[in-house]
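# Coordinate analysis (summary)
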Amino acid sequence: MAIVVHNYRWRLGLTAGEARYDALESRLAQFPVIGVPTITMEGDANGAPHPQPAAYRARFSGPYAHRLITGGIGHNLPQEAPNAFAQAVLDVTELP
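Residues numbered from 1 in each chain as written. Predicted model: local features only at pLDDT ≥ 70, side-chain atom pairs only at ≥ 80, totals over all residues. Heavy atoms only, no water.

### So, the overall build of the chain
- Regarding its fold elements, the chain presents 5 helices and 2 strands.
- Secondary structure elements in the chain, listed N-terminal to C-terminal, are α-α-β-α-β-α-α.
- In terms of overall size, the chain is more extended than a compact globule, its C-alpha atoms giving a radius of gyration of 16 Å where 96 residues would be expected to give roughly 12 Å.
- By its C-alpha atoms, the chain is 40 × 30 × 20 Å across when sized along the principal axes.
- Every one of the 96 residues in the chain was classed for burial, and the buried ones make up 21%. (Helix = DSSP H or I, 4+ residues; strand = E, 2+ residues; numbered from the N terminus. Rg over C-alpha atoms; globule rule 2.2 N^0.38 Å. Buried < 20%, exposed > 50% of the residue type's maximum accessible area, 1.4 Å probe, protein only.)

Here you go:
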């Protein structure tokens, strides 16, 4: 529990992360743009802090789509919306 709570606080900038991982975090932040077909998904009831899809759209250079999954879906899409999640897996290869 303490690890999960700390992770949320860290992602919100409310606490410091593990300094020993700063160099790794810096490297991860510089990864290249993703060029494979991609579908990003968001539940309409996701209470977790997250950026708007337009904020990360530039990270994808290949075929791309974003889907908002409605019906009170949170941020665990495979569990809360398994059909929509599975459909995205099937659809990703058919993106224009």
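### Some remarks on the side chain of E42
- As for its position among the elements, E42 is in strand 1 (residues 38–43).
- Despite its burial, E42 pairs with no opposite charge, the nearest such side chain being R11 at 10 Å.
- Those residues in contact with E42 that lie beyond four places of it in its chain are H50, H66, R67, L68, I69 and L77. (Lys, Arg positive; Asp, Glu negative; His and termini not counted. Salt bridge = Lys/Arg side-chain N within 4 Å of Asp/Glu carboxyl O. Contact = heavy atoms within 4.5 Å.)

### Details of the layout of surface pockets
- Of the pockets and cavities examined, the largest pocket occupies roughly 220 Å³.
- Counting residues per element, the ones that place at least two in the lining of the largest pocket are helix 1 (2–11) and helix 2 (22–29).
- Among the elements that line the lining of the largest pocket, the one with the most residues is helix 1, at 4 residues.
- Its residues assigned to classes, the lining of the largest pocket comprises 3 nonpolar, 3 polar and 3 charged. (1 Å grid on protein atoms, 1.4 Å probe; cavity = no way out; pocket = protein on both sides within 12 Å on 5 of 7 lines; lining within 4 Å. Points joined across faces, edges and corners; volume = space filled by probe spheres on them. Nonpolar A, V, L, I, M, F, W, Y, C, P; charged D, E, K, R; others polar.)

### Concerning the packing of aromatic side chains
- Applying the stated criterion to the full structure yields 1 aromatic pair.
- Taken together, a centroid distance of 5.0 Å and an interplanar angle of 25 degrees make the contact between F60 and Y64 stacked. For the residue pair F60 and Y64, the accessibility class agrees, reading buried in each case.
- Positioned over the ring face of Y8 is R11, at 4.6 Å from the centre of the ring. (Phe/Tyr/Trp six-rings, centres within 6.5 Å; stacked < 30°, edge-to-face > 60°. Lys NZ or Arg CZ within 6 Å of the ring centre and 35° of its normal.)

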